[in-house]
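Chains, contacts and geometry: an overview
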Amino acid sequence: MLGRSRTGGFRPENLGQNAVSLIGSIGFSIFVIGVVVFTIIAATYEPEDPLFHPSDKITTFLSSNSNATLKSDDSVVKTGEDFMAVNQTAFAGFINIADVETSENDSDANQLDCDSNVPIDCKDPEVFHLMMKATMEKFKDIHFYKFGKPVTVEGTSSCDMAWRYRPKDGKTAAFYKDYRRFVIAKSENCSVSVMGIGEYHSGVNARKRKRPGFRNSSGGKVDDFSLPVVGEAVNDSLPVVESENAFKEGHYLVYSGGGDRCKSMNHFLWSFLCALGEAQYLNRTLVMDLSLCLSSVYTLSGQNEEGKDFRFYFDFEHLKEAASVLDQVQFWADWGKWYKKNGLKLHLVEDFRVTPMKLVDVKDTLIMRKFGTVEPDNYWYRVCEGETESVVQRPWHLLWKSRRLMEIVSAIASRLNWDYDAIHIERGDKARNKEVWPNLEKDTSPSSILSTLQDKIEQGRNLYIATNEPEVTFFNPLKDKYKTHLLDEFKDLWDESSEWYSETMKLNGGNPVDFDGYMRASVDTEVFLRGKKQIETFNDLTNDCRDGIDTCNVAAS
């Protein structure tokens, strides 16, 4: 009787079926557990930012010359704004077109007392709202955050107006400023309409210097430097010490000599930011040399070129307002006038192994680190290695790209109405070196590019081509399907009649400044990065590794 109490599932004839069912249940349970574990790992995993590798890895990269086929790094360096998280809260409060609709009641009221011969009043709210609405209807791919009050253009029926904006699909943490000229028409019944909107930055009367940092109700300064604003007038004049008394009360740090000059821009920044980081750690003003030597990898001549200015490549206005820095020419002139009179002392450090922590208690006015002639021990960045690495942080957030160069980027994107796709095509020496990049030349041929793009970019789109290919006609076959644009199409933005040309010439003592290879690469890269779709050479066009055969996994590690 007891045996009969067993369920049918355990009868001998059902054992095989039951075993299969049991194994299936166990397998499904393992699968579910695996999915849960994978999900947890995926949600919590944060990939390592290559910029923040331990300094010994970056030092090895910067000083390595182990493979003669791999040239010195000629890429565009990343700066502080590249690492800013896009603050969706800051960008959420854009203006909708419904907010600026012109009131019909106001228009009717104005027409009751009409004199069509009266000049256009640009400050009239109706005109202001009309201009805002026309702007938002014309530029549908950007978000608007602020409109400035229109300014009358004397002797015309035109008004200039400025606005702050960013592209709807913007990937960078930045605002932009534009100002344009509007042609306003008034009919016989005094209704007004916008007849035309000028080109990028045509409304020069609406261009204003940004005001100094505001103070909030508690007396603290509002941070005006948290986000770049491309399009503002640039004030990168050199800071000066206001008086002899202020100079003698200050404390300074200067780096002298060393082997960093004429190295790649990556090398320069790694060393410069070490010096700036130490100055901040010691609560001292960094005395910096604004004169740079541009490495031959960026120059049109193929030779190292002295006499470049830091301000050609980086935003010195942001740096001097967010950190304490002085130009060394001005500093040494003041030092020569006042150090004997005021008994100012200099503390000399000639060994990079003397850590910043050992200099905290130094009271002398000036600490000078003097570097020798033997590489790589005379590289500035050696100061920030070892135990210093965890104490002195490089202040990347203080260093932004030149707003003059970014203004060119903004102008190019604006001419394309911020509605374009972009492709980066790297050829040059790499395409010719079949041993290291065996497929690159074939994979970046026009026919291969067209084949790759046909499923990725719609026919007829604006396509910006960022490339180091010197023969621009090479890309002519792409014109059959796309509206192609290359950097030299926009050379009026840096030629002799441009604002960039006149402003950089002033910085350079009245001498013209070449739009050099680094500037070209910087602008080309930034325009590419603002495309709605971005197609890269490596990974998208070719399976060759960026740094040569068998380096793909190394680059990713």
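If you're wondering where the values come from, they're calculated on a predicted model, not measured in any experiment.

Concerning a nonpolar patch on the surface
There is a patch of nonpolar side chains on the surface, built from Tyr281, Val360 and Val391 and spanning about 220 Å² of accessible area. Along the polypeptide, Tyr281 turns up in helix α7 (residues 265-281).

Remarks on the sheet that holds strand β15 (residues 462-467)
A sheet is described by the order of its strands in space; here four strands give the open sequence β16-β15-β14-β17, paired in parallel fashion. Edge positions in the sheet fall to β16 (483-485) and β17 (534-535), since each of these pairs with one other strand and no more.

Remarks on the packing of aromatic side chains
One pass over the full model with this rule turns up 36 aromatic pairs. Aromatic pair Phe83 and Trp396: ring centres 6.2 Å apart, planes at 65°, arrangement edge-to-face. Of this pair, Phe83 sits in the loop between α2 (55-63) and α3 (88-92) while Trp396 sits in the loop between β13 (366-371) and α11 (403-415), and the two are 313 residues apart along the sequence. With relative accessibility at 11%, the residue Trp396 sits in the buried group. By way of ring pairs, the aromatic residues Phe247, Tyr252, Phe331, Trp332, Trp335, Trp338 and Tyr339 are connected into one cluster. For the cation-ring pair, Arg164 lies above Phe175, with the distance from its terminal atom to the ring centre recorded as 5.7 Å. Looking at Arg394, its charged tip hangs above the ring of Trp270, at a distance of 3.5 Å from the centre.

Things to note about the sheet that holds strand β8 (residues 285-288)
Across a sheet, strands are paired by hydrogen bonds formed along the backbone, either parallel or antiparallel in direction. Spatially, β11-β8-β7-β13-β12 is the arrangement adopted by the five strands of the open sheet, whose pairing is parallel. On the outer flanks of this sheet lie β11 (325-327) and β12 (346-349), each paired with one strand and no other. For this sheet, the mean inter-axis angle between neighbouring strands, taken without regard to orientation, is 25°. Here six bridges tie strand β7 (residues 252-257) to β13, and the two strands are oriented parallel to one another. Each bridged residue has a counterpart across the sheet, and for Val254 the counterpart in β13 is Met368. Where α7 meets the sheet, its contacts fall on β7, β8, β11 and β13, and the angle it forms with β7 comes to roughly 155°.

Remarks on the state of the cysteines
Here the structure, examined in full by the defined rule, presents four disulfides. Bridging Cys262 to Cys293, the disulfide has an S-S length of 1.9 Å. Its torsion about the S-S bond being 100°, the disulfide of Cys262 and Cys293 is classed as right-handed. With a gap of 31 residues between them, Cys262 in the loop between β7 and α7 and Cys293 in strand β9 (residues 291-294) connect regions that are remote in the sequence.

A short note on helix α14 (residues 446-453)
Burial analysis of α14 places six of its eight residues in the buried class, which makes it a mostly covered element. Buried residues of α14: Pro446, Ser448, Ile449, Leu450, Thr452 and Leu453, and no others. Buried-residue contacts for α14 involve β14 (421-425), α13 (440-443), β15 and β17.

Comments concerning the confidence of the model for the chain
Detailed reading of the predicted model is not advised wherever pLDDT is low. Per-residue confidence for the chain gives a mean pLDDT of 84; residues scoring 70 or more make up 79%. In this model, residues 1-13 is a region of pLDDT below 50 whose contacts with residues beyond four sequence positions or in other chains number four contacts. Here residues 102-112 is modelled with pLDDT under 50, and outside its nearest four sequence neighbours on either side it reaches nine contacts, counting other chains as well.

Considering the environment of Gly548
Note that Gly548 resides in the loop between β17 and α17 (552-556). When neighbours within four sequence positions are excluded, Gly548 is seen to be in contact with Val436 and Trp437.

Points about the pairing of β15
For β15, the buried fraction is high: six of the six residues fall into the buried class. A two-sided burial pattern is seen for β15, the buried positions comprising Asn462, Tyr464 and Ala466 on one face and Leu463, Ile465 and Thr467 on the other. Across three bridges, β15 lies against β16 in parallel orientation. By the bridge assignment, Tyr464 is partnered in β16 with His485.

Considering the side chain of Asp544
Here Asp544 is to be found in the loop between β17 and α17. Notably, Asp544 is buried but unbridged: the nearest opposite-charge side chain belongs to Lys442, and the N-O separation is 8.2 Å. Discounting residues that sit within four places of it in the chain, Asp544 has contacts with Trp437, Pro438, Asn439, Leu440 and Phe538.

Points about the packing of α11 against helix α16 (residues 517-529)
Direction vectors running N to C along α11 and α16 enclose 45°, while the axes themselves pass 9 Å from each other. Taken together, the axes of α11 and α16 are oblique relative to one another. The two elements α11 and α16 cross, and the hand of that crossing is right-handed. Facing α11, whose interface residues are Leu405, Met406, Ile408, Val409 and Ile412, α16 presents Met519, Ser522, Val523, Glu526 and Val527. Residues belonging to the contact of α11 with α16 are distributed by class as follows: eight nonpolar, one polar and one charged.

Observations concerning α11
Spanning 13 residues, α11 covers 18 Å between terminal C-alpha atoms, matching the ideal 18 Å at 1.5 Å per step. The element α11 is largely enclosed, with a buried count of twelve among its 13 residues. For α11, every residue scored as buried is listed here: Arg403, Arg404, Leu405, Met406, Glu407, Ile408, Val409, Ser410, Ala411, Ile412, Ala413 and Ser414. The distance from a side-chain oxygen at the start of α11 to the backbone nitrogen of Arg404 is 3.1 Å, and the residue carrying that oxygen is Ser402.

The rules we used
- Residues numbered from 1 in each chain as written.
- Predicted model: local features only at pLDDT ≥ 70, side-chain atom pairs only at ≥ 80, totals over all residues.
- Heavy atoms only, no water.
- Patch = residues over 30% accessible without salt bridge, like charges linked within 9 Å, V, L, I, M, F, W, Y side chains within 5 Å.
- Areas by Shrake-Rupley, 256 points an atom, 1.4 Å probe, with all protein chains shown as cover.
- Salt bridge = Lys/Arg side-chain N within 4 Å of Asp/Glu carboxyl O.
- Helix = DSSP H or I, 4+ residues; strand = E, 2+ residues; numbered from the N terminus.
- Pairing = 2+ DSSP bridges.
- Phe/Tyr/Trp six-rings, centres within 6.5 Å; stacked < 30°, edge-to-face > 60°.
- Buried < 20%, exposed > 50% of the residue type's maximum accessible area, 1.4 Å probe, protein only.
- Lys NZ or Arg CZ within 6 Å of the ring centre and 35° of its normal.
- Axes fitted to C-alpha atoms, helices over the stretch in contact; angles between N-to-C directions.
- Contact = heavy atoms within 4.5 Å.
- Disulfide = S-S within 2.5 Å.
- pLDDT = per-residue confidence, 0-100.
- Lys, Arg positive; Asp, Glu negative; His and termini not counted.
- Parallel < 35°, antiparallel > 145°, perpendicular 65-115°, else oblique.
- Left-handed = near helix turned anticlockwise from the far one by under 90°.
- Nonpolar A, V, L, I, M, F, W, Y, C, P; charged D, E, K, R; others polar.
- Expected span 1.5 Å × (residues − 1).
- Polar contact = N/O pair within 3.5 Å; in protein donor to acceptor, adjacent residues only side chain to side chain.

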